[in-house]
Amino acid sequence: MAHILKNNHLELHIDAPTENYSCTRFDWTGKISQLKFQNIPLTTIENTDLINTACFGKGFYNEFGIDTPLGFNETAIGGWFHKIGVGLLKKENEQYLFHKKYAVKPAKFSVSTEANAVIIHCTSEAVNGYSYKLTKEIELHHSSFTVKYTLHNTGEKEIVTDEYTHNFMAINKASIGQNYELSFPFQLKPALFEETVNTEQKVAIGDQKIKFKDTPKEPFFFSNLSGGNQVHAEWKLTDLKTNIGIRETGNFQTNKINVWGWGHVISPELFFKINIKAGKSLEWTRTLEVFKINS
């Protein structure tokens with residue numbers, strides 16, 4: 001059953017590790033499925049296809065190793081590799097596909113609660129010299145919430161990977177369009193983007209803002225928004241119709257920021273690089289703040 005953190009401003013729904021989503025892409029620890037601000041929904045689902053919803057992301061789902069999971073390249077076909085926060089996945093071919101549903105041996109999970117927080121622990125098996133313990137603490141504040149990650153390397157080999165949150169957002173269920181603005185505290189450099197998918201040309205890239213000429217009917221995607229430069233991890237989404245804004249800030253620098261979306265959803269993504277030697281730990285934090293514009 002979902003854990004609900006709630007105050008006068010925010011309502012946060014957090015699914016248990018083995019509840020609802022059980023595919024092999026997104027981290028099972030602390031699956032934040034919904035966020036409401038004064039009873040107005042701020043989040044949505046990855047795809048509106050009602051047939052395959054069991055494997056779609058929603059709310060604020062994070063992922064480790066979207067390109068290459070831990071130990072994948074060292075694992076023989078038929079063997080098992082780590083997907084942090086999920087468990088062991090069975091390798092079926094030489095290329096990892098993040099959207100594929102793999103055979104899985106789930107990690108061990110435990111959940112505890114406090115007055116304004118949910119804490120989820122994930123402990124892996126030891127395979128190919130890799131093992132870890134992941135703790136995620138989600139804490140609700142007055143008009144924000146924080147997600148604190150602690151990843152401890154309990155294996156023999158160094159952990160080298162990355163983590164990001166796929167923020168599936170739509171303020172008050174409104175379609176993505178002229179009322180939305182997505183801004184960043186650095187200059188956007190379209191000439192240096194690694195990939196640009198803007199088939200309908202309905203997404204306008206400004207100096208520090210992304211705006212919309214109309215509602216996109218096709219998915220859009222932009223990668224490497226900072227041109228590879230190290231920048232403060234932050235974005236801000238505002239809806240001029242409801243005068244509601246939401247901002248994510250990380251306590252880290254990042255050189256990889258992507259934006260993906262469709263007509264019903266927009267998702268800015270702040271990537272965090274992870275390098276942890278054997279026996280060591282690493283902590284990082286993401287904060288999501290909701291606010292009224294001009295208030």
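One structure accompanies this document, and this report is about it.

Calculation notes
- Residues numbered from 1 in each chain as written.
- Predicted model: local features only at pLDDT ≥ 70, side-chain atom pairs only at ≥ 80, totals over all residues.
- Heavy atoms only, no water.
- Helix = DSSP H or I, 4+ residues; strand = E, 2+ residues; numbered from the N terminus.
- Rg over C-alpha atoms; globule rule 2.2 N^0.38 Å.
- Buried < 20%, exposed > 50% of the residue type's maximum accessible area, 1.4 Å probe, protein only.
- Disulfide = S-S within 2.5 Å.
- Contact = heavy atoms within 4.5 Å.
- Pairing = 2+ DSSP bridges.
- Axes fitted to C-alpha atoms, helices over the stretch in contact; angles between N-to-C directions.
- Salt bridge = Lys/Arg side-chain N within 4 Å of Asp/Glu carboxyl O.
- Phe/Tyr/Trp six-rings, centres within 6.5 Å; stacked < 30°, edge-to-face > 60°.
- Lys NZ or Arg CZ within 6 Å of the ring centre and 35° of its normal.

Description of the overall build of the chain
Here is step 1: Along the backbone of the chain there are zero helices and 24 strands.
Here is step 2: Relative to the 2.2 N^0.38 estimate, which gives 19 Å for 295 residues, the radius of gyration of the chain is 19 Å and therefore close to what a compact globule would have.
Here is step 3: Across its three principal axes, the chain shows a C-alpha extent of roughly 50 × 45 × 40 Å.
Here is step 4: By the burial criterion, 52% of the 295 residues in the chain qualify as buried.

Digging into the state of the cysteines
Here is step 1: The final tally for this structure, using the stated rule, is one disulfide.
Here is step 2: Sulfur-sulfur distance for the disulfide between Cys-23 and Cys-55 comes to 1.6 Å. Every disulfide takes its handedness from the sign of the S-S torsion; for Cys-23 and Cys-55 that torsion is -45°, giving left-handed. Placement of Cys-23 in the loop between strand 2 (10-15) and strand 3 (31-37) and of Cys-55 in the loop between strand 4 (40-41) and strand 5 (60-64) is noted, with a sequence separation of 32 residues between them.
Here is step 3: Unpaired in terms of disulfides, Cys-122 finds its nearest cysteine sulfur in Cys-23, a separation of 17 Å.

Digging into the side chain of Glu-234
Here is step 1: Here Glu-234 shows up in strand 19 (residues 231-239).
Here is step 2: Residue Glu-234 is classed as buried on the basis of its relative accessible area, which comes to 19%.
Here is step 3: Ignoring sequence-local partners within four residues, the contact set of Glu-234 consists of Phe-184, Pro-185, Arg-247, Glu-248, Thr-249 and Leu-270.

As for the sheet that holds strand 6 (residues 80-83)
Here is step 1: Across the sheet, which stays open at both edges, the three strands sit in the order 6-7-8 with antiparallel pairing between neighbours. The open sheet has two free edges, formed respectively by strand 6 and strand 8 (104-106), since each of these has just one partner strand. On average, each strand axis in the sheet is inclined to that of its neighbour by 25°, with strand direction left out of account.
Here is step 2: Pairing of strand 6 with strand 7 (residues 87-90) involves four bridges; the strand directions are antiparallel. Bridge assignment links Trp-80 to a residue of strand 7, and that residue is Lys-90.

Looking at the pattern of salt bridges
Here is step 1: Using the criterion set out here, one finds 17 salt bridges in the structure.
Here is step 2: The partner of Glu-181 in a salt bridge is Lys-209, with the nearest N and O atoms 3.2 Å apart. Remark: Lys-209 occurs in strand 17 (residues 209-212) and Glu-181 occurs in strand 14 (residues 180-183); sequence separation between them is 28 residues.
Here is step 3: On the basis of relative accessible area, Glu-181 is assigned to the buried category, the value being 15%.
Here is step 4: Here Glu-200 makes a salt bridge to Lys-202, at a shortest N to O gap of 3.6 Å.
Here is step 5: Residue Glu-200 is classed as partly exposed on the basis of its relative accessible area of 27%.
Here is step 6: Judged by relative accessible area, Lys-202 falls into the buried class, the value being 16%.
Here is step 7: Three or more residues are tied together by salt bridges with common partners; here these are Arg-25, Glu-46, Glu-63 and Lys-83.

Here's the deal with the packing of aromatic side chains
Here is step 1: Evaluated as defined, the whole model comprises 21 aromatic pairs.
Here is step 2: Between the aromatic rings of Trp-28 and Phe-109, the centroid separation amounts to 5.9 Å while the plane-to-plane angle is 25°, which identifies the pairing as stacked. Here the residue Trp-28 occupies a position in the loop between strand 2 and strand 3, and Phe-109 occupies one in strand 9 (residues 108-114), the gap between them amounting to 81 residues.
Here is step 3: Seen in terms of ring centroids, Phe-72 and Phe-81 are 5.0 Å apart; in terms of plane orientation they differ by 85°. Their pairing is edge-to-face.
Here is step 4: You can call Phe-72 buried: its relative accessible area is 2%.
Here is step 5: The class for Phe-81 is buried, based on a relative accessible area of 1%.
Here is step 6: Each member of the aromatic cluster is reached from another via a ring pair, and the members are Tyr-21, Phe-26, Tyr-61, Phe-168 and Trp-260.
Here is step 7: Sitting over the face of the ring of Phe-72, Lys-91 holds its NZ or CZ atom 4.3 Å from the ring centroid.
Here is step 8: Across the ring face of Trp-80, the terminal group of Lys-105 is positioned such that the distance to the ring centre comes to 4.4 Å.

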